[in-house]
Amino acid sequence: MKIYTQRIEAVTEDQAFETVQLNFDTRQKSRFRATLVSGCDIGADLPRTGILRGGSFIATETGDLLRVDALPERLMCVQASSEFELLKAAYHLGNRHVPLMLTPSALYFEPDHVLAEMVEGLGLLVTEVDHPFEPESGAYAQHGHDHRLSPIKAIHAHAHH
């Protein structure tokens, strides 16, 4: 079994890599076991330097590369008829320290019927969906990632604060 021990900041377009899909809970851990898309079992023993975002790369000591993709998981999706209503829902959810994924048109959080009822009480639509979960890391995070660029081209941009 291959053991991945290093976080990789950047890879070049010509480097070969395998792929694994992980849910948010697993991507927060520094140690885990997983099964690659190819069916091979692997282990990870990574430095504790934050979560793996979809599009992150990790490597073995011998240089084998692995791209981590965010696995779609069951989430609550909040949609509103106006930007202000969506902002208001983000405020109330943030006040409860809920891991929250923000997009221009929706908010996503892990299933919680009490929170869903609270948001619906504010007049917003809440539905259950399967979607990759990439919550905000918080204002005090020391290391932010931006994976909006193509993972196929293996471009990996970072913002250091």
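Attention here is on the structure that accompanies the text.

Rules of the game
- Residues numbered from 1 in each chain as written.
- Predicted model: local features only at pLDDT ≥ 70, side-chain atom pairs only at ≥ 80, totals over all residues.
- Heavy atoms only, no water.
- Phe/Tyr/Trp six-rings, centres within 6.5 Å; stacked < 30°, edge-to-face > 60°.
- Helix = DSSP H or I, 4+ residues; strand = E, 2+ residues; numbered from the N terminus.
- Buried < 20%, exposed > 50% of the residue type's maximum accessible area, 1.4 Å probe, protein only.
- Pairing = 2+ DSSP bridges.
- Core = buried A, V, L, I, M, F, W, Y, C linked by side-chain atoms within 4.5 Å.
- Contact = heavy atoms within 4.5 Å.

## Description of the packing of aromatic side chains
A complete count under the given rule lists two aromatic pairs for this structure. Measuring from centroid to centroid gives 5.2 Å for Phe-24 and Phe-133, while their planes differ by 80 degrees, and the two rings are edge-to-face. With a gap of 109 residues between them, Phe-24 in helix α1 (residues 24-27) and Phe-133 in the loop between β11 (125-132) and β12 (143-146) connect regions that are remote in the sequence. The pair formed by Phe-24 and Phe-133 is uniform in burial state, with each residue classed as buried.

## Things to note about the pairing of strand β7 (residues 65-70)
Burial analysis of β7 places six of its six residues in the buried class, which makes it a mostly covered element. Burial of β7 is two-sided: the residues Leu-65, Arg-67 and Asp-69 facing one way and the residues Leu-66, Val-68 and Ala-70 facing the other way are all buried. Note: strand β3 (residues 18-22) against β7, five bridges, orientation parallel. Its bridge partner being in β7, Glu-18 is matched across the sheet by Leu-66.

## Here we look at the nonpolar core
By size, the foremost hydrophobic cluster in this structure holds 15 residues, and its most contacted members are Val-78, Leu-93, Leu-107, Phe-109 and Val-119. At the level of elements, β8 (72-79), α2 (83-94), β10 (107-109) and α3 (113-121) are the ones that each hand at least two residues to this core. No other element matches the four residues that α2 contributes to this core. Aside from chain neighbours lying at most four places away, what touches Leu-93 is Val-98, Leu-100, Leu-107, Phe-109, Leu-115, Met-118 and Val-119. Core analysis: the second largest hydrophobic core is formed by 13 residues, Tyr-4, Leu-46, Leu-66 and Val-68 among them.

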